[in-house]
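Tertiary structure, described
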Amino acid sequence: MKPKNKFQKQVFELSKKLPSISETQVKWAYMNCIAHIGRRTKKGVISCMECGHTWIDTTTGEQCTCPRCGAKLLVTGTRQRVFKQSEYFCIVTACEGFQVLRFFYIQYYAKAGEKAHYFHSEVVQRWIAPNGKYVTLARLRPMGYFADTWSFSSTFEIRSEKPLYNLIPASIYPRQRLIPEIKRSGYKGQCHDITPFDLFYSLLADNKAETLLKAGEINLLRFFAGNFHHINSYWASIKICIRNNYKIKDASIWRDYIDLLRFFGKDLHNAKYVCPDDLTAGHDKYVKKKKERIEQERREQASQKALEDENRFKETKSKYFGIIFSDGLIEVRTLESVDDIMKEGDIMHHCVFASDYHLKSDSLILSACVDGKRMETVELSLSRLKVLQSRGVCNTSTEYHEQIINLVEKNIRLFKRKKRMAA
Ligand SMILES: [Zn+2]
């Protein structure tokens with residue numbers, strides 16, 4: 001992408017002035033980013049994976065020095081013959097008031113008995129102005145199943161923002177050139193497991209990051225770096241912690257804990273709440289409380305719904321209450337409450353309650369019993385005064401099935417009369 005505005009044009013021109021990586025820097029990068037291996041076979045032969053020299057060494061130490069090239073080697077017992085590694089290396093520098101982060105891709109390939117091959121290429125530059133404004137220059141990075149690396153022949157250009165440019169280097173060159181704003185920020189050369197870009201950007205874009213760094217609240221800084229604006233709704237409480245010299249050990253739990261305090265309307269400016277002696281216990285206590293609150297609300301909603309259902313049921317079906325008839329063996333009666341229908345569904349193992357039959361305006365639910373034992377549940381259509389279905393335990397039919405339906409239809413005038421009376 002061609003530089004579009006004045007800011008991008010300025011950075012693009014300045015980037016041409018940056019010196020190439022020096023021999024010393026390259027050497028340092030190879031030494032510090034890549035694990036140097038002394039491959040040991042079962043017979044005690046060690047191969048230096050740097051220069052290819054092999055010798056017999058019977059000591060069992062984990063480290064040794066190659067007698068030929070002098071490399072410090074990590075001794076590894078393995079049958080593996082080929083070693084590959086790729087890492088990023090970062091140089092922190094300054095240019096015309098910009099803080100610049102230069103990222104180099106380093107590739108290592110070694111075969112037992114041969115000299116190791118190294119390769120490096122600068123792939124990303126982040127230019128950050130003292131006010132936090134920034135521009136990224138990078139090579140192309142084709143993504144795909146077979147191409148998980150950079151296109152080293154592509155040109156260095158201004159690129160629109162992508163998370164992949166927020167690189168995690170294996171190491172940072174110890175000699176760093178810092179702009180005065182970074183020098184004043186409390187940065188002492190350590191990134192504290194924060195990506196260099198997230199750290200420098202946060203420090204320049206928001207003075208809260210500087211406050212955290214100087215106060216030693218590294219866990220918080222690490223937690224919010226990358227999404228620093230999220231810190232705003234916690235800042236009042238964080239200031240209380242800093243003032244009370246309270247170190248937040250687990251930023252994520254503390255953040256959740258503050259959210260819980262907020263949920264329960266606690267004073268977020270009060271050290272008694274925001275600086276708990278036992279953070280985990282405090283957090284767990286409020287998590288439990290919140291679960292209980294949600295459960296209680298759920299119960300209240302359920303009983304509210306049950307009450308509403310009951311009222312609706314009574315309103316539409318109460319005119320048929322009290323209907324009961326028998327042929328001497330089978331007794332059929334109208335079910336007269338939501339509770340009654342729920343019980344019928346439980347005992348008969350069918351869905352009469354779960355499917356809200358009691359709320360269907362056209363359905364009336366009857367229960368048919370023999371000797372007081374529920375046999376079948378009958379659904380009657382009120383508009384047509386017809387039996388829609390009659391079902392026994394688990395939706396089966398009983399031996400009384402036909403007899404039940406006949407009995408209901410023979411007594412249909414009872415329903416007809418009630419319907420007429422109500423109308
Ligand atoms: Zn060697």
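Residues numbered from 1 in each chain as written. Predicted model: local features only at pLDDT ≥ 70, side-chain atom pairs only at ≥ 80, totals over all residues. Heavy atoms only, no water.

Okay, the sheet that holds strand S13 (residues 330-334) next. On the basis of which strands lie adjacent, the open sheet formed by five strands has the order S12-S13-S14-S15-S16 and antiparallel pairing. Both outer strands of the open sheet, strand S12 (324-326) and strand S16 (386-391), are each paired with one neighbouring strand and no more. Neighbour-to-neighbour, the strand axes of the sheet open up by a mean angle of 25°, direction not taken into account. (Pairing = 2+ DSSP bridges. Helix = DSSP H or I, 4+ residues; strand = E, 2+ residues; numbered from the N terminus. Axes fitted to C-alpha atoms, helices over the stretch in contact; angles between N-to-C directions.)

With that out of the way, let us pick up the domain arrangement of the protein chain. The domain architecture assigned to the protein chain consists of domain 1 (6-172), domain 2 (206-274) and domain 3 (315-422). Computed from C-alpha atoms alone, the centre-to-centre distance between domain 1 and domain 3 is 80 Å. (Domains from an automatic or database assignment.)

This brings us to the sheet that holds strand S11 (residues 171-172). Here we have six strands laid out as an open sheet, ordered S10-S9-S8-S7-S6-S11, and mixed in their pairing. Here the strands that pair on one side only, and so sit at the sheet edges, are strand S10 (157-158) and S11. In the sheet, strand S6 (residues 82-95) pairs with S11 via two bridges, with the strands oriented parallel. Across the sheet, Phe-89 pairs through a bridge with Ser-171, a residue of S11.

Okay, the coordination of the zinc ion next. Every protein donor of the zinc ion is listed here as Cys-48 (SG), Cys-51 (SG), Cys-66 (SG) and Cys-69 (SG), and their distances to the metal cover 2.2 to 2.4 Å. Of note is the zinc ion, whose four donor atoms meet at the metal with angles of 107 to 117° in an arrangement that counts as tetrahedral. Each donor residue of the zinc ion lies on one chain, and together they are spaced C-x2-C-x14-C-x2-C. A relative accessible area of 0% places Cys-48 in the buried class. Classification of Cys-51 by relative accessible area gives buried; the value is 15%. (Donors = N, O, S within 2.8 Å, 3.2 Å for Na, K, Ca; no water. Tetrahedral: all angles 85-135°; square planar, octahedral: opposite > 155°, others 65-115°. Buried < 20%, exposed > 50% of the residue type's maximum accessible area, 1.4 Å probe, protein only.)

Our next topic: the packing of helix H8 (residues 251-263) against helix H10 (residues 279-317). Two elements in contact, H8 and H10, have axes whose closest approach is 9 Å; the angle formed by their N-to-C orientations is 45°. Taken together, the axis directions place H8 and H10 in an arrangement best described as oblique. Judged by the twist between their axes, the crossing of H8 over H10 is left-handed. Between H8 and H10, the residues in contact are Ile-253, Trp-254, Asp-256, Tyr-257, Leu-260, Leu-261 and Phe-263 and Leu-279, Gly-282, His-283, Tyr-286, Val-287, Lys-290 and Arg-293, respectively. Of the residues assigned to the contact of H8 with H10, the class counts are nine nonpolar, two polar and three charged. (Parallel < 35°, antiparallel > 145°, perpendicular 65-115°, else oblique. Left-handed = near helix turned anticlockwise from the far one by under 90°. Contact = heavy atoms within 4.5 Å. Nonpolar A, V, L, I, M, F, W, Y, C, P; charged D, E, K, R; others polar.)

With that settled, the discussion passes to the pairing of strand S1 (residues 37-40). Across a regular strand the side chains alternate sides, sitting on one face of the sheet and then on the other. Here S1 shows a buried face lined by Ile-37 and Arg-39 and a second buried face lined by Gly-38 and Arg-40. The pairing of S1 with strand S2 (residues 45-48) spans three bridges and is antiparallel. Of the residues in S2, the one forming a bridge with Arg-40 is Ile-46. The turn linking S1 back onto S2 is made up of four residues, and Gly-44 within it adopts a positive phi angle of 85°.

Every buried residue of helix H7 (residues 235-243) is accounted for by Trp-235, Ser-237, Ile-238, Ile-240 and Cys-241. Those residues of H7 that are buried are in contact with helix H5 (207-215), helix H6 (218-224), H8 and helix H9 (271-274). Looking one or two residues beyond H7, the residue adopting positive phi is Asn-245, at roughly 55°.

Attention now moves to the packing of aromatic side chains. In this structure the tally under the stated criterion is 23 aromatic pairs. Ring plane angle 45° and centroid distance 5.7 Å describe the contact between Phe-264 and Tyr-286, whose orientation is recorded as tilted. Placement of Phe-264 in the loop between H8 and H9 and of Tyr-286 in helix H10 is noted, with a sequence separation of 22 residues between them. Each member of the pair, Phe-264 as well as Tyr-286, is classed as buried. Among the aromatic residues, those joined into a cluster by ring pairs are Trp-28, Phe-89, Phe-104 and Tyr-173. The side chain of Lys-208 reaches across the aromatic face of Trp-235, ending 5.8 Å from its centre. Taking the ring centre of Tyr-234 as reference, the NZ or CZ of Arg-262 above it sits at 5.2 Å. (Phe/Tyr/Trp six-rings, centres within 6.5 Å; stacked < 30°, edge-to-face > 60°. Lys NZ or Arg CZ within 6 Å of the ring centre and 35° of its normal.)

Turning our eyes to something else, we now look at the nonpolar core. Ranked by internal contacts, the top residues of the largest apolar core, which has 55 residues, are Tyr-187 and Trp-254. Among the elements that line this core, the one with the most residues is H8, at six residues. The residues that make up this core include at least three from each of domain 1 (6-172) and domain 2 (206-274). Contacts of Tyr-187, omitting those with residues within four sequence positions, involve Gln-176, Leu-178, Ile-182, Leu-199, Phe-200, Leu-203 and Leu-213. (Core = buried A, V, L, I, M, F, W, Y, C linked by side-chain atoms within 4.5 Å.)

Scanning the model with the defined rule gives 17 salt bridges in all. Linking Arg-102 and Glu-122 is a salt bridge whose minimum nitrogen-to-oxygen distance equals 2.7 Å. Taken together, the residues span a long stretch of sequence, with Arg-102 in strand S7 (residues 98-111) and Glu-122 in strand S8 (residues 117-128) at a distance of 20 residues. Residue class for Arg-102 comes out buried when judged on its relative accessible area of 6%. (Salt bridge = Lys/Arg side-chain N within 4 Å of Asp/Glu carboxyl O.)

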